[in-house]
Amino acid sequence: MIIADAPPVEITLGGKTLTFDLDEPQLPDSIRKKAFSSIGFPYEKKMDEDLYASELEALQEELVKAQYWLQEAKKRVLVIFEGRDAAGKGGAIGAFTENLNPRQVKSVALSKPSDVERGQWYFQRYIPHLPTTGEMVLFDRSWYNRAGVEPVMGFCTPQEHATFLKQVPKFEEMLVNDGIHYFKIWIDIGREMQLRRFHDRRHSKLKVWKLSPIDIKALSKWDDYTKARDEMLEHTSTKHAPWTIVLGNDKRRARLNIIRSVLNGLDYADKSPERVGAIDPKIVVSARDLRG
């Protein structure tokens, strides 16, 4: 759905309230200059493109090894991608799956639930998409919609939200106990970076489809999403299913560290630790290191 118009909204940046007009062709300098460093991002510029391409190729070759291991050992892998709107979930999944067999490695992005699905147990519509033996499934958003967009936008009741936070650790423990290798990725970006990416989408004929009416409504709900995120992490980052939190202002560094996080958690045949490389502790952080 292409948005016909995006009315100006009042937002708060640095303790100041300002009017942000997504339809203005020029992004305000106050946002553009702070975007990359927002959320206290630890690097001053993007990762070098050639270095990124080289490291990504090595990691993708390791993913191919992991894919063969999945089939031969009849293992199951589940990776869910969550995060701020425009955090880079789709691009990270694309880098992850680019050179893998789509018959064994599947990406799932469900649309809003139907009337029938809304009457079911909340997790029910996700269960048919869980991996079988020899498969890896990557969710581009998941059941954690009920911990973020649904309570913030009023799509579920407070009781439904509270029930979800109680049920999901038990549900995920069942998945892990059944032998699924399970990874939860949360990608976080700064406020100014989100505004910049929304603005880029609005003014790109190739990317405008990524900008939804919900995104527009969410522009003024940053603090609400922060509160929901923090509550989610507190209740659902468990010993059996912890969150991996990735700072995503630099998509290149984020993608590499996401892939490394998954590969480091799999004991596949012919694994090369040197090619997988080490997780960057500046990019993969703890929940207490998130800022705003």
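Higher on the page you've got the structure.
Residues numbered from 1 in each chain as written. Predicted model: local features only at pLDDT ≥ 70, side-chain atom pairs only at ≥ 80, totals over all residues. Heavy atoms only, no water.

**Q** An account of the overall build of the protein chain is needed here, citing residue identities and associated values.
**A** What the protein chain contains, in helices and strands, is 11 helices and 8 strands. In terms of overall size, the protein chain behaves like a compact globule, its C-alpha atoms giving a radius of gyration of 19 Å where 292 residues would be expected to give roughly 19 Å. Summarising its shape, the C-alpha atoms of the protein chain cover approximately 55 × 50 × 35 Å along the three principal directions. In the protein chain, buried positions account for 49% of the 292 residues. Restricting to contacts in the protein chain with at least 6 residues of sequence separation, those with at least 24 account for 77%. About 15000 Å² of surface is accessible on the protein chain, with carbon and sulfur atoms providing 50% of the total. (Helix = DSSP H or I, 4+ residues; strand = E, 2+ residues; numbered from the N terminus. Rg over C-alpha atoms; globule rule 2.2 N^0.38 Å. Buried < 20%, exposed > 50% of the residue type's maximum accessible area, 1.4 Å probe, protein only. Contact = heavy atoms within 4.5 Å. Areas by Shrake-Rupley, 256 points an atom, 1.4 Å probe, with all protein chains shown as cover.)

**Q** Describe in detail helix α2 (residues 49–73), supporting the description with residues and values.
**A** Taking 1.5 Å of rise per residue, 25 residues should cover 36 Å, and α2 covers 35 Å from first to last C-alpha, within 8% of that figure. Residues of α2 that are buried include every one of Tyr-52, Leu-56, Ala-58, Leu-59, Gln-60, Glu-62, Leu-63, Ala-66, Gln-67, Trp-69 and Leu-70, and no others. Its side-chain oxygen at 3.1 Å from the backbone nitrogen of Asp-50, Asp-48 defines the N-terminal cap of α2. Where α2 ends, the next residue or the one after it, Lys-74, has phi of about 55 degrees, a positive value. (Expected span 1.5 Å × (residues − 1). Polar contact = N/O pair within 3.5 Å; in protein donor to acceptor, adjacent residues only side chain to side chain.)

**Q** How would you sum up unusual backbone geometry? Please name residues and give values.
**A** Keep in mind that most residues, glycine aside, have a negative phi and that most peptide bonds are trans. Here Lys-74, not a glycine, exhibits a phi torsion of approximately 55 degrees, which is positive. Following the sequence through the fold, Lys-74 ends up in the loop between α2 and β3 (76–83).

**Q** Outline empty space enclosed by the protein, supporting the account with residue identities and numerical values.
**A** The tally for this structure, following the rule as stated, stands at 1 cavity of 30 Å³ or more. In terms of lining residues, the largest cavity is bounded by Ala-87, Gly-88, Ala-92, Ile-187, Gly-248, Lys-251, Ala-254, Arg-255 and Ile-258. Ranked by residue count, the leading element in the lining of the largest cavity is helix α10 (residues 251–264), at 4 residues. Class assignment for the residues of the lining of the largest cavity results in 5 nonpolar, 2 polar and 2 charged. (1 Å grid on protein atoms, 1.4 Å probe; cavity = no way out; pocket = protein on both sides within 12 Å on 5 of 7 lines; lining within 4 Å. Points joined across faces, edges and corners; volume = space filled by probe spheres on them. Nonpolar A, V, L, I, M, F, W, Y, C, P; charged D, E, K, R; others polar.)

**Q** Can you explain the nonpolar core? Please cite residues and give values.
**A** Grouped burial of nonpolar side chains is what soluble globular proteins tend to show. Leu-78, Trp-143 and Tyr-144 are the most contacted members of the largest nonpolar core, which totals 81 residues. The element that contributes the greatest number of residues to this core is α2, accounting for 7 residues. In contact with Leu-78, not counting residues within four places along its chain, are Leu-130, Pro-131, Val-137, Phe-139, Trp-143, Leu-175, Ile-180, His-181, Tyr-182 and Phe-183. If you look at the next biggest cluster of nonpolar residues, it comprises 5 residues, including Val-152, Met-153, Tyr-225 and Ala-228. (Core = buried A, V, L, I, M, F, W, Y, C linked by side-chain atoms within 4.5 Å.)

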